[in-house]
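Residue-level structure breakdown
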Amino acid sequence: MTPPLPPLIQTKKKLSDLSTFGIGGPAEYFAEVSSEQEMADVLVFAKKNQLRHMVLGKGSNCLFDDQGYSGLIILNKITFLEGLDSGQVKAGSGYSFSLLGSQTARKGLAGLEFASGIPGSVGGAVVMNAGANGKETCEALKSVDFMNMEGMITTFQRDKLSYGYRSSPFQKMKGAVTAAEFTLIKSMEARQKQIEIIDYRKKTQPLKEKSAGCVFRNPDNGHSGALIEQCGLKGKKIGGAMVSEQHANFIVNTGGATASDALKLIRLIQEQVRLQTGRQLKMEVRYIPYE
Ligand SMILES: Cc1cc2nc3c(=O)[nH]c(=O)nc-3n(C[C@H](O)[C@H](O)[C@H](O)COP(=O)(O)OP(=O)(O)OC[C@H]3O[C@@H](n4cnc5c(N)ncnc54)[C@H](O)[C@@H]3O)c2cc1C
């Protein structure tokens with residue numbers, strides 16, 4: 001049964017346009033929200049109508065299904081930024097995490113240099129505990145504003161949140177991260193460090209191609225990319241999905257890749273790495289099934 005739709009909610013939105021992989025069929029329902037009030041309206045609507053839903057940031061860690069998504073995709077565009085001239089920076093969860101990394105470094109603030117080049121939103125980084133160059137989002141985090149399905153916001157202090165490698169408590173909570181506050185420290189080296197980080201990224205990652213970043217989490221005491229390379233899988237292709245020649249933990253969409261191509265390649269990599277090295281690779285990219 002289709003409920004009467006509020007004006008914010010559209011139907012049939014192509015998810016390939018909303019994911020950096022460029023893969024995915026249509027979302028049944030879609031809403032773009034640019035304020036806390038709009039987020040609240042949409043979450044309350046989803047709850048009231050028992051609509052399956054998902055909050056999407058920049059879609060840089062998602063593999064959508066070829067059939068699409070049988071529910072409501074909420075595209076988060078809450079993009080305010082406060083406190084850039086101080087060490088306490090608060091950003092709306094839809095703000096670009098990469099831009100935040102370069103802007104804070106340019107202001108001589110250290111703590112988020114690693115964010116420069118991570119093509120996610122602040123909310124996505126908080127939820128995924130995005131990390132690079134030996135740093136993680138949770139390290140600079142002071143607090144997180146989280147909206148529940150009734151549209152009520154709670155501010156969680158960092159020390160009350162249990163974070164791990166690419167994991168956060170928000171991954172299991174229903175609702176949306178609406179903002180995050182970071183504590184940064186004055187540093188003369190911040191800008192130089194951030195430039196080095198972005199230069200290294202450009203040399204080592206296929207940034208001009210469509211991908212969702214590292215497909216697999218690194219196993220304990222190992223690097224997924226090195227294991228995949230060791231198994232001779234660089235350049236391995238199924239349909240339009242290919243293991244990047246530049247970085248073996250990236251699968252790139254060479255044009256017209258389907259989710260089915262990417263999933264087949266993911267399974268093949270997992271199988272070969274297990275057979276040849278005895279290691280189990282777990283996915284970091286989130287596959288979002290149709291239903
Ligand atoms: C070229 C490239 C390089 C990358 N490099 C890195 C890297 O160095 N380190 C790293 O950790 N990752 C990296 N990634 C992966 C990705 O950028 C990060 O995981 C990022 O944090 C995801 O943010 P996003 O906004 O795109 O999240 P999405 O892909 O939109 O969503 C990811 C998950 O978070 C949830 N989510 C997003 N926003 C919210 C919100 N506001 N409230 C509640 N839930 C939310 C979604 O529901 C989904 O489950 C890379 C990706 C690419 C394409």
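Digging into the site of the ligand
Taken together, 35 residues are adjacent to the ligand, and Val55, Gly57, Ser60, Ser121 and Gly131 come closest. Within the contact set of the ligand, an oxygen atom lies 2.6 Å away from a backbone nitrogen or oxygen of Val55. Expressed as a share of its isolated accessible area of 970 Å², the protein-covered part of the ligand is 94%. For the shell around the ligand, the secondary structure elements donating two or more residues are strand 3 (53–56), helix 3 (122–128), strand 9 (131–132) and strand 13 (176–183). Looking at the shell around the ligand, the element that brings in the most residues is helix 3, giving 5 residues. Here the shell around the ligand is built from residues that sort into 16 nonpolar, 15 polar and 4 charged.

Overview of the sheet that holds strand 3
By way of backbone hydrogen bonds, the strands of a sheet pair with one another, either parallel or antiparallel. Strand order in the open sheet formed by 4 strands is 1-2-5-3, and the pairing between neighbours is mixed. Where the open sheet ends on each side, the last strands, each with one partner, are strand 1 (9–14) and strand 3. The sheet shows a mean angle of 35° between the axes of neighbouring strands, taken without regard to direction. Looking at chain direction, strand 2 (residues 26–33) and strand 5 (residues 69–76) are connected through 6 bridges and run parallel. Directly across from Ala31, in strand 5, lies its bridge partner Ile74. Each of strand 1, strand 2, strand 3 and strand 5 is contacted by helix 1 (residues 36–48), which is oriented at about 165° to strand 5, the strand it contacts most.

Re unusual backbone geometry
Positive phi is not limited to glycine here, since Asn129 has a value of about 50°. With respect to the helices and strands, the residue Asn129 is situated in the loop between helix 3 and strand 9. Of note in this structure, Asn133 is not a glycine but carries a positive phi near 50°. Among the secondary structure elements, Asn133 is positioned in the loop between strand 9 and strand 10 (135–136).

Some points on the environment of Ala115
In this structure, Ala115 sits in the loop between strand 8 (109–110) and helix 3. A relative accessible area of 0% means that Ala115 is categorised as buried. Distance in space between the C-alpha atoms of Ala115 and Asn249 is 19 Å, their sequence separation being 134 residues. Non-local contacts of Ala115, meaning those with residues more than four positions away in its chain, are made with Phe97, Ser98 and Gly101.

Definitions and cut-offs
Residues numbered from 1 in each chain as written. Predicted model: local features only at pLDDT ≥ 70, side-chain atom pairs only at ≥ 80, totals over all residues. Heavy atoms only, no water. Near = heavy atom within 4 Å. Polar contact = N/O pair within 3.5 Å; in protein donor to acceptor, adjacent residues only side chain to side chain. Areas by Shrake-Rupley, 256 points an atom, 1.4 Å probe, with all protein chains shown as cover. Helix = DSSP H or I, 4+ residues; strand = E, 2+ residues; numbered from the N terminus. Nonpolar A, V, L, I, M, F, W, Y, C, P; charged D, E, K, R; others polar. Pairing = 2+ DSSP bridges. Axes fitted to C-alpha atoms, helices over the stretch in contact; angles between N-to-C directions. Contact = heavy atoms within 4.5 Å. Buried < 20%, exposed > 50% of the residue type's maximum accessible area, 1.4 Å probe, protein only.

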